[in-house]
Amino acid sequence: MLFAMIILSVVLIIFLTAVLKVHPFLSLLAGAFFIGITSGMPLLTVVDTVNEGFGGLMKGIGIVIVSGTIIGVILEKSGAAYRMAEVVLRVIGEKRPQLAMSLIGYIVSIPVFCDSGFVILTSLKKALAKRAGVTIASMSVALATGLFATHTLVPPTPGPIAAAGNIGAEGYLGVIIIIGLIVAIPATVVGYLWAVKVGSKITVPEDEESITFDYDEIVKSFGEMPSAFKAFLPIVLPIILIGAGSVAKLTMGESGFSSLLQFIGSPTVALLFGVLAAFLLLPKWNEETLTGWIGDGLKEAAPILLITGAGGAFGKVISTSGVAELIGEMNFTALAGGALFLLVPFLISAALKTAQGSSTAALVIASTLVAPLLPAMGIEGAIPLALVVMAVGAGAMTVSHVNDSFFWVVTEFSGMKVTDAYKAQTMATLLMGLTTIVFTMILWVILV
């Protein structure tokens, strides 16, 4: 009966979000109260558990999410994201324009939301398409799939951070970043190949127009851009610090130097250093940047924090309801052991993504639902939990279609028809998700 109530709560969340268009924050809270009440918990305990779950998750990853969004906004507004794109173009060369766009998306979407990344790089994409003589659709799909891969798999993007927090892996963000960067590679490659194969056959009205997009003029239109070092530093510095902290924790014992490395390598402190590095990108230190730009970052972080916190409340009510004890009494190993277990979070996340459209909501809800299963399956430690996050992320990219805002950003800014966008973008995300879960299962067999 308890499992039936949990399934009904998920159906309720999907119905409220996808059909009635209720914000995921309220939908998740409704699901949390539904489970708490129908499972027989005392009413006041339900309230306390919801509050505890919300606050507990914020304690672990709240500042990390806010810092990540502030870095993303500064990179976007300062032209640093564009500078990173230009560096990749110089390295890859303009003879492989789709590959260049895929790699640009892969890098830019680590701190910048994929929707924003696609919009700010649209002019570059069109200029390069005209210059290289390839279709705008192929460039659009290459950019979109590169952005989507790291958006769903690599912290400090809020979705993967929230998933890590929900399954108790917030202390392993360094490992999750490294594994995410690796797992995102085959997903990006598949998106690139699909862009070349299918996107090259799709034409949009702009392909036929004689309007020229001068690459050099587009670059000049962004004004004075920061150096490559300053542009990459806010992304690279936190990753290095988190990695150093993880290594110190595993190999250096209790020395003072180890404690220092673990302090600056904790995700909260490392991301704050990333914010400080992003300050080097500010054109001026005044109210517009120090208050306005950072305020924009806080506004972007607010809905993510609310959804994540509500997901924490939902998960806490589930774990308190007694489902963990029920799972412990069942032989889940017989149902799906080892790498096959990863199909469980993948399928849950894919169903949620397809039904309601938001990758972040899919990551939050799916990770919440699978969290009670992990202790019963004996899944603990950095690498196993990181691979669970990858499985949830693989589902969260499967598939992007008309109920996903990113689908419409790609469709409208590329000029594709909806039917063409289904062939190009939606099918690409399906193939990316399937590739990612297969690759994640292979890594499980090798590393676990």
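Enquirer: Can you lay out the environment of V10 for me, pointing to particular residues and giving the numbers?
Expert: Examined against the element boundaries, V10 turns out to sit in helix α1 (residues 2–19). Each C-alpha atom of the pair V10 and E170 lies 24 Å from the other, and the pair is 160 residues apart in sequence. In this structure V10 touches L352 and L369, once residues within four positions along its chain are discounted.

Enquirer: Give me helix α19 (residues 343–356): which residues, what numbers.
Expert: With 14 residues, α19 ought to run about 20 Å at 1.5 Å a step, and its terminal C-alpha atoms sit 20 Å apart, in line with that. Those residues of α19 that fall on the buried side of the exposure criterion are P345, F346, S349, A350, L352, K353 and Q356. Seen along its axis, α19 keeps its buried residues to an arc of 165 degrees; they face one direction. Looking at the buried positions of α19, the neighbouring elements they touch are α1, α8 (136–153), α20 (359–370), α22 (382–396) and α24 (418–447). With its phi angle positive at about 95 degrees, G357 sits one or two positions after the end of α19.

Enquirer: Any details on the packing of aromatic side chains? Residues and values, ideally.
Expert: What the rule picks out here adds up to five aromatic pairs. Centroid distance F148 to F406: 5.7 Å. Interplanar angle 25 degrees. Geometry classified as stacked. Of this pair, F148 sits in helix α8 while F406 is found in helix α23 (residues 405–414), placing the two residues 258 residues apart along the sequence. For F406, a relative accessible area of 1% puts it in the buried group. The interplanar angle of 75 degrees and the centroid separation of 5.8 Å between the aromatic rings of F279 and W285 together place this pair among those described as edge-to-face. A residue is classified by how much of its surface remains accessible, and F279, at 16% relative accessible area, is buried. On the accessibility criterion, W285 (58% relative accessible area) is exposed. In this structure an aromatic cluster arises from ring pairing among F118, F148 and F406.

Enquirer: Kindly report on the pattern of salt bridges, identifying the contributing residues and their values.
Expert: A side chain with one charge may pair with a side chain of the opposite charge, provided their charged atoms come close. With the rule as written, the count across this model stands at four salt bridges. The salt bridge partner of D296 is K77, with a shortest N-O separation of 3.4 Å. Of this pair, D296 sits in helix α16 (residues 287–320) while K77 sits in helix α3 (residues 43–78), and the two are 219 residues apart along the sequence. According to the relative accessible area criterion, K77 is partly exposed, its value standing at 39%. Between K423 and D420 there is a salt bridge whose closest N-O contact spans 4.0 Å. Of this pair, K423 and D420 both sit in helix α24, three residues apart, which is roughly one turn of the helix.

Enquirer: I'd like to hear about the packing of helix α2 (residues 24–38) against α16, residue by residue, with values.
Expert: Relative orientation of the contacting elements α2 and α16 amounts to 10 degrees, with a least axis distance of 8 Å. Relative to α16, α2 is oriented roughly parallel. Contacts from P24, F25, L28, L29, G31, A32, I35 and G36 of α2 reach α16 at L306, I307, A310, G311, A313, F314, V317 and I318. Here the residues of the contact of α2 with α16 are counted per class, giving 13 nonpolar, three polar and no charged.

Enquirer: A description of the nonpolar core should follow, citing residues and the corresponding values.
Expert: Counting 143 residues, the largest nonpolar core has I104, L121, I167, F314 and M416 as the members making the most contacts within it. Setting aside its immediate chain neighbours within four residues, I167 contacts S367, V370, A371, L374, L385, V388 and V389.

Enquirer: With reference to specific residues and values, describe the side chain of D404.
Expert: Its location among the elements puts D404 in the loop between α22 and α23. Within the structure, D404 has its side chain in polar contact with the side chain of K353 (distance 2.8 Å). The contact partners of D404, leaving out residues within four places of it in the chain, are K353 and G357.

Enquirer: Go over helix α14 (residues 256–264) with me, naming the residues and quoting the values.
Expert: Of all the residues in α14, the buried ones are S258, L261 and I264. Down the axis of α14, the sector holding all buried residues measures 135 degrees, keeping them to one side. Of the surrounding elements, those touching the buried residues of α14 are α13 (228–251) and α15 (267–279).

Rules behind the numbers
- Residues numbered from 1 in each chain as written.
- Predicted model: local features only at pLDDT ≥ 70, side-chain atom pairs only at ≥ 80, totals over all residues.
- Heavy atoms only, no water.
- Helix = DSSP H or I, 4+ residues; strand = E, 2+ residues; numbered from the N terminus.
- Contact = heavy atoms within 4.5 Å.
- Expected span 1.5 Å × (residues − 1).
- Buried < 20%, exposed > 50% of the residue type's maximum accessible area, 1.4 Å probe, protein only.
- Arc of directions from axis to C-beta.
- Phe/Tyr/Trp six-rings, centres within 6.5 Å; stacked < 30°, edge-to-face > 60°.
- Salt bridge = Lys/Arg side-chain N within 4 Å of Asp/Glu carboxyl O.
- Axes fitted to C-alpha atoms, helices over the stretch in contact; angles between N-to-C directions.
- Parallel < 35°, antiparallel > 145°, perpendicular 65-115°, else oblique.
- Nonpolar A, V, L, I, M, F, W, Y, C, P; charged D, E, K, R; others polar.
- Core = buried A, V, L, I, M, F, W, Y, C linked by side-chain atoms within 4.5 Å.
- Polar contact = N/O pair within 3.5 Å; in protein donor to acceptor, adjacent residues only side chain to side chain.

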